[in-house]
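Listed below are the residues making up each chain.
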Amino acid sequence: MPNFRTTLASASSSFQINHPHHLFLLGSCFTEHIGQKLSERKFNLLSNPFGIVYNPLSMAQCLERICEGNRPFTREDMFENAGLWHSWEHHGRFSKPDKNEAFEGINTAYLKASAHLKKADILLLTFGTSDVFVLRETGKVVANNHKMPAALFAPRRLSVSEIVERTVQAIKSVAHLKGVPHFKVILTVSPVRHLRNGLVENQRSKAVLLLACEEICAQLNYAHYFPAYELLLDDLRDYRFYAADMLHPSEVAVDYVWKFFSDTFFSEKTSKLNERIEKICAAARHRPFHPDTAQHRAFVQAQLKAIAALKLEMPGLDFATEEAAFYSPIETGISSS
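Per chain, the residues get numbers from 1 upward, laid out in the order the sequence is written. Since the coordinates come from a predicted model, pLDDT governs what is reported: local features require at least 70, and pairs of side-chain atoms require 80 or more to be given and counted, while whole-chain, interface and lining totals use all residues. The side-chain figures draw on all heavy atoms in the structure; neither hydrogens nor water molecules are used.

Draft legend 1. View of the pairing of strand β1 (residues 22-27). Within β1, 6 of the 6 residues are buried, which leaves it mostly tucked inside the rest of the structure. Here the term buried applies to any residue with accessible area under 20% of the maximum for its type, exposed to any over 50%, and partly exposed to those in between, with areas from a 1.4 Å probe on protein chains only. Runs of H or I in DSSP of at least four residues are treated as helices and runs of E of at least two as strands, each being numbered from the N terminus. The two faces of β1 match: H22, F24 and L26 on one face and L23, L25 and G27 on the other face are all buried. Strand direction decides the pairing type here: β1 and strand β2 (residues 44-47), joined by 4 bridges, are parallel. Residue pairing for β2: H22 is matched across the bridge by N44. Look down the strands so they point away from you; if the path from the first strand over the helix to the second goes clockwise, the crossover is right-handed. Handedness of the crossover joining β1 and β2 through helix α1 (residues 29-40) is recorded here as right-handed. Note: β1 against strand β5 (residues 122-127), 5 bridges, orientation parallel. Whether two strands pair comes down to DSSP finding at least two bridges between them.

Draft legend 2. Seen up close, the packing of aromatic side chains. Only Phe, Tyr and Trp rings take part, Trp by its six-membered ring, and two of them pair if their centres are within 6.5 Å. Stacked means planes under 30 degrees apart, edge-to-face means over 60, and tilted covers everything else. With the rule as written, the count across this model stands at 16 aromatic pairs. Residues F133 and F153 carry aromatic rings whose centres are separated by 5.5 Å and whose planes lie at 70 degrees to one another, so their mutual orientation is edge-to-face. With F133 in strand β6 (residues 131-135) and F153 in strand β8 (residues 153-157), this pair connects stretches of sequence that are 20 residues apart. Centroid distance W258 to F261: 5.7 Å. Interplanar angle 15 degrees. Geometry classified as stacked. Note that W258 and F261 are positioned in helix α7 (residues 251-265) at a spacing of 3 residues, about one turn of the helix. F261 sits in the buried class, given a relative accessible area of 1%. These aromatic residues form a ring-pair network of at least three members: F15, F43, F226, W258, F260, F261, F265 and F266. Any Lys NZ or Arg CZ found within 6 Å of a ring centre and within 35 degrees of that ring's normal is scored as a charge over the ring. Sitting over the ring of F73, R65 keeps its end group 3.7 Å from the ring centre. It is R193 that lies over the ring of Y242; its NZ or CZ is 5.4 Å from the centre.

Draft legend 3. How the structure looks around the packing of helix α8 (residues 268-285) against helix α9 (residues 294-313). Throughout, an axis means a line fitted to C-alpha atoms (over the contacting stretch in the case of helices), and angles, computed between N-to-C directions, take values from 0 to 180 degrees. The interhelical angle for the contact between α8 and α9, taken along N-to-C directions, is 145 degrees, at an axis separation of 10 Å. Our pair here, α8 against α9, has a crossing hand that is left-handed. Of the residues in α9, those touching α8 at L273, R276, I277, K279, I280 and A283 are F299, Q303, A306, I307, A309, L310 and E313. Taken together, the residues of the contact of α8 with α9 sort by class into 9 nonpolar, 1 polar and 3 charged. For a crossing to be left-handed, the near helix must be turned anticlockwise from the far one by less than a right angle; the clockwise case is right-handed. In this description, contact between two residues means that some pair of their heavy atoms is separated by no more than 4.5 Å. Only Asp, Glu, Lys and Arg are considered charged in this grouping, and only Ala, Val, Leu, Ile, Met, Phe, Trp, Tyr, Cys and Pro are considered nonpolar; every other residue, Gly among them, is considered polar.

Draft legend 4. Expanded view of the sheet that holds β8. With respect to topology, 3 strands assemble into an open sheet ordered β7-β6-β8, the strand pairing being antiparallel. Every interior strand has two partners, whereas the edge strands, β7 (140-142) and β8, have only one. Within the sheet, the average angular offset between the axes of one strand and its neighbour, ignoring direction, is 45 degrees. Alignment of β6 against β8, held across 5 bridges, turns out to be antiparallel. Bridge pairing in β8 places F133 opposite P155.

Draft legend 5. A look at α8. Take the number of residues in a helix, subtract one, and multiply by 1.5 Å to get its expected span. Here α8 is 18 residues long and its end C-alpha atoms lie 26 Å apart, about the 26 Å a rise of 1.5 Å per residue gives. Its buried side turned inward, α8 meets α1, α9 and α10 (320-326).

Draft legend 6. Main features of the pattern of salt bridges. A side-chain nitrogen of Lys or Arg and a carboxyl oxygen of Asp or Glu constitute a salt bridge if their distance falls within 4 Å. Taken as a whole, this structure holds 19 salt bridges when the rule is applied. One salt bridge in this structure joins E278 and R41, with 2.7 Å as the shortest N-O distance. With a gap of 237 residues between them, E278 in helix α8 and R41 in the loop between α1 and β2 connect regions that are remote in the sequence. Among the ionic pairs, E68 bridges to R71, the shortest N-O distance being 3.0 Å. The network of salt bridges with common partners includes R65, D77, E89 and K140.

Set out below in structure tokens:
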């Protein structure tokens, strides 16, 4: 029978990710997908402390600022438009009608990111586009244009050498905090297409990112390329694996890429631990029709015992959300022992 698709064969990386590791994720919205999957399985991570960042230069600037640890944002870094206060270095989810609230939110996230990055064993960077907006007034590349008038910006495309130079410099700054060879980097290119300038320009933009990733990995032997872009564009290669907007991956596609990620970076022991965690989390999301029955109380006791066993094996795992779900008011009187 003929094979109607080309598949990308998975291969284990030179290093593995496990639950004691501290992960720091930065980049496009595809980072959010992987971050959510990791978070659901109780990995210790921080994802996008400045919000979603699409271009490598802004990502490098973000990392360098966080590495310094003592360069919080000032009120002068903020501007107002259409009733909201914004930052050129942050995603719109940080924008607020109240300037003080926006300012405090940005710096709270900055301090948290600085503390987490100092512990980071693994850095995952997802490049989204090499097309950037340069603020004419300052000559600086912005992370988000916040839908401000086009006349304020000079659009341009980053070069391969520019991306490589700034990214390598930023990664080395982070590596210095932790120390090589303990520190590892995963680079990937987002399969989400940026069609503002058309299909041809999107492909050229992605080509720059792919070549930059190749060169970064060549310069840093602790960097590994993960083929998220190729998995969706060349392996799955069908619009049924896209969401309704025809740009973002569907849930099925995200699960497929996650499985590839798991096969690449997780040992058999970690994968089995993930399965146990997934079962408990699924059980916590379950809403019984008859919570006051002996059968359901036995079910809850079994889940609490499973949590206790996992916490004994891996003390760092946080099941506060799941325990709260099992210790709902209807379960009053159930022992945690």
